[in-house]
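# Working through the structure, step by step
The chain contents come next:
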Amino acid sequence: MHGTRILEETDRLMTVCNSCRYCEGLCAVFPAMEMRRAFSDGDLNYLANLCHGCGACYVDCQFSPPHEFNVNVPKTLAIARAESYAAYAWPRAFAGLFARNGLVISLVAATSVAAFIFGFAAVHDPAVLYGVHTGPGAFYRLMPHKAMAVLFGAAFLYAIVALIMSMRAFWRDIGEPVGMTTNPKSLLQAIRDAGELRYLDGGGVGCFNEGEKPTDRRRLYHHLTFYGFALCFAATCVATLYHYLLGREAPYPWWDLPVVLGTLGGIGLLIGPIGLLAAKSQRDPVLVDDQRYGMDTAFIAMLFLTALTGLVLLVLRETAAMGPLLAIHLGAVFALFITLPYGKFVHGLYRFVALVRYARERQMMAGEAGE
Ligand code: SF4
Ligand code: SF4
């Protein structure tokens, strides 16, 4: 007996697949499944998070609908995966809230913070809000650096704590001894597999997103989004070091490292999310978990909004539009931070944890086989 209906169904499918094994070369899910004869809830959540949703095993399956076995591995694992995010979220009550109303909550949070900053500046000194400010410290005329650091530091810290707590719960439930994290070989292998999105390639031919013609588009959009996010994060880290170590205040010149990293990352975060949303809308309906549409789109939409407002701010920062644009951009960043632990962002972290475990399992199997 499993904890939920979808885990029961996942168990049924994995039992069918374990007898068939036709798809074992497609991705990591099938070899990991073959290492087991029975599946705990944690095992099934582990397999669900190993799946990259390439759709190949649905296209290749001789037991997919209308066959009476009704095998639809990508969709079943997608639902199980989404339910696992809610099951491991911290605090748990927030997860359901975001799953149902993710986009609305994100937009309300972004608008509220933008309105607060806008209202604060307008009441305090409207001339500052609509004035033209240039040179180091220009942004902090709208909102003092200390207030900005406290507000965004608290939101970021909250997101980090919530993410660590939920990953810890996942790690424990998939039955992983804590010591396995310290194995550098499995960690490096997982970093490589995650960095390349190795298992989104449908066994080498590409992702089956719309119909039976595989392409690498989804992988490309994922890469643009992931590396765009990483570059923007790096830009924020460098800017923080500039501020505290070198005493240099934002905004920085066009050619300076935080601006170059942020611009490249921002471009990735414009193209990647648009591509992912387009791919999502074209995805074959038989593969789609339509219950989680709000949660999926909220994170992608907030990434896009953050990048768009950041790039517009960069272009217009020496005009009178800087004050209102900065308020809108900060609102978007704040909403992105507080929704990180409950939106689609977590799929990358859970998948990475599952890949670490998979790499370790492969190592142990190879060790036992004397390779
Ligand atoms: S998805 Fe279908 S073809 Fe692939 S292993 Fe499972 S039952 Fe076999
Ligand atoms: S990664 Fe692709 S082939 Fe593997 S289980 Fe998921 S959808 Fe099927």
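Use the structure listed above.
Residues numbered from 1 in each chain as written. Chains lettered and ligands numbered in written order. Predicted model: local features only at pLDDT ≥ 70, side-chain atom pairs only at ≥ 80, totals over all residues. Heavy atoms only, no water.

### Concerning the packing of aromatic side chains
Think of a pair of aromatic rings as described by two things: how far the centres are apart, and how the planes are tilted against each other in angle. Under the convention used in this document: Side-chain rings of Phe, Tyr and Trp, where Trp is taken by its six-membered ring, are said to pair if the distance between their centres is within 6.5 Å; with planes under 30 degrees apart they count as stacked, over 60 as edge-to-face, and otherwise as tilted. Helix and strand definitions here come from DSSP, where helices need a minimum of 4 consecutive H or I residues and strands a minimum of 2 consecutive E residues; each element is numbered from the N-terminal end. The rule is simple: take the accessible area with a 1.4 Å probe, protein chains only, and divide by the maximum for that residue type; under 20% is buried, over 50% is exposed, in between is partly exposed. Throughout this description, the term charge over a ring refers to an Arg CZ or Lys NZ atom that lies within 6 Å of the ring centre and within 35 degrees of the ring normal.
In this structure the tally under the stated criterion is 15 aromatic pairs. Summarising the aromatic geometry, the rings of tryptophan 90 and tyrosine 158 are spaced 6.4 Å apart at their centres and angled 40° between planes, so their arrangement reads as tilted. With tryptophan 90 in the loop between α5 (73-88) and α6 (92-124) and tyrosine 158 in helix α8 (residues 145-173), this pair connects stretches of sequence that are 68 residues apart. With a relative accessible area of 35%, tryptophan 90 lands in the partly exposed category. By the ring-pair criterion, three or more aromatic residues cluster together here, those being Tyr85, Tyr88, Phe170 and Tyr350. The ring of tryptophan 254 carries arginine 317 above its face, with NZ or CZ at 5.6 Å from the centroid. Arginine 357 extends its terminal NZ or CZ atom over the ring of tyrosine 46, reaching a point 4.6 Å from the ring centre.

### As for the packing of helix α3 (residues 41-50) against α5
To keep things clear, this is the line we draw: Between the N-to-C directions of two axes lies an angle of 0 to 180 degrees, each axis being a line fitted to C-alpha atoms and, for a helix, fitted only over the stretch in contact. Helix crossings get a hand from a simple test, with the near helix turned counterclockwise from the far one by less than a right angle marking a left-handed crossing and a clockwise turn marking a right-handed one. When checking whether two residues touch, look at their non-hydrogen atoms; a contact exists if any pair is within 4.5 Å. When residue character is reported, Ala, Val, Leu, Ile, Met, Phe, Trp, Tyr, Cys and Pro are called nonpolar, Asp, Glu, Lys and Arg charged, and the others, Gly included, polar.
Two elements in contact, α3 and α5, have axes whose closest approach is 8 Å; the angle formed by their N-to-C orientations is 115°. α3 and α5 meet at a crossing whose hand is left-handed. On the side of α3, the interface is formed by Asn45, Leu47, Ala48 and Asn49, while α5 contributes Leu77, Ala80, Arg81, Ser84, Tyr85 and Tyr88. In terms of residue class, the contact of α3 with α5 is made up of 6 nonpolar, 3 polar and 1 charged.

### Examining the environment of threonine 4
Within the element layout of this structure, threonine 4 appears in the segment before α1 (5-20). Judged by its relative accessible area of 30%, threonine 4 falls in the partly exposed class. Along the backbone, threonine 4 and alanine 80 are 76 residues apart, and their C-alpha atoms lie at a distance of 9.1 Å.

### Quick look at unusual backbone geometry
Look at the link from proline 65 to proline 66: it is a cis peptide, with omega at 15°. With respect to the element layout, proline 66 can be found in the loop between α4 (56-59) and α5. Cis geometry marks the peptide bond from tryptophan 90 to proline 91; its omega dihedral reads -15°. Take proline 91: it is sitting in the loop between α5 and α6. You will see that arginine 21, though not glycine, has its phi angle at about 65°, which is positive. Checked against the element boundaries, arginine 21 lands in the loop between α1 and α2 (29-34). Using a relative accessible area of 28% as the deciding quantity, one classes arginine 21 as partly exposed. The residue leucine 197 is not glycine, and still its phi comes out positive at about 50°. Looking at the element boundaries, leucine 197 is found in the loop between α9 (184-196) and α10 (217-246).

### A short note on the state of the cysteines
Defined simply, a disulfide is a covalent bond joining two cysteines at their sulfur atoms. Condition: The disulfide definition used here is simple: a pair of cysteine sulfur atoms within 2.5 Å.
Within the structure shown, the criterion is met by 0 disulfides. Summary of cysteine pairing: cysteine 232 is not part of a disulfide, and the nearest cysteine sulfur, belonging to cysteine 237, is at 11 Å.

### Quick notes on the site of ligand 1
Let me state the cut-off plainly: Whether a residue is near a molecule or strand is decided by its heavy atoms; if any one of them lies within 4 Å of it, the residue is near.
What surrounds ligand 1 is the set Cys17, Cys20, Arg21, Tyr22, Cys23, Phe30, Cys57, Cys61, Gln62, Phe63 and Val73. For the shell around ligand 1, the class distribution of residues is 9 nonpolar, 1 polar and 1 charged.

### Considering the pattern of salt bridges
Rules: By salt bridge we mean one thing: a side-chain nitrogen of Lys or Arg within 4 Å of a carboxyl oxygen of Asp or Glu.
Following the criterion strictly, the structure yields 9 salt bridges and no others. Linking glutamate 9 and arginine 12 is a salt bridge whose minimum nitrogen-to-oxygen distance equals 2.9 Å. Here the residue glutamate 9 and the residue arginine 12 both occupy positions in helix α1, the gap between them amounting to 3 residues, near one helical turn. For arginine 198, the salt bridge is made with aspartate 193, and the minimal N-O distance between the two is 3.2 Å. Ionic contacts of the salt-bridge type, sharing partners, join the residues Arg36, Asp43, Arg357 and Glu361 into one network.

### Brief notes about the environment of arginine 219
The residue arginine 219 is located in helix α10 in this model. Linking arginine 219 and leucine 276, residues 57 residues apart in sequence, is a C-alpha distance of 9.3 Å. Ignoring sequence-local partners within four residues, the contact set of arginine 219 consists of Glu196, Leu197, Arg198, Leu200 and Asp201.

Fair warning: the whole summary comes from geometry, so function is off the table for now.
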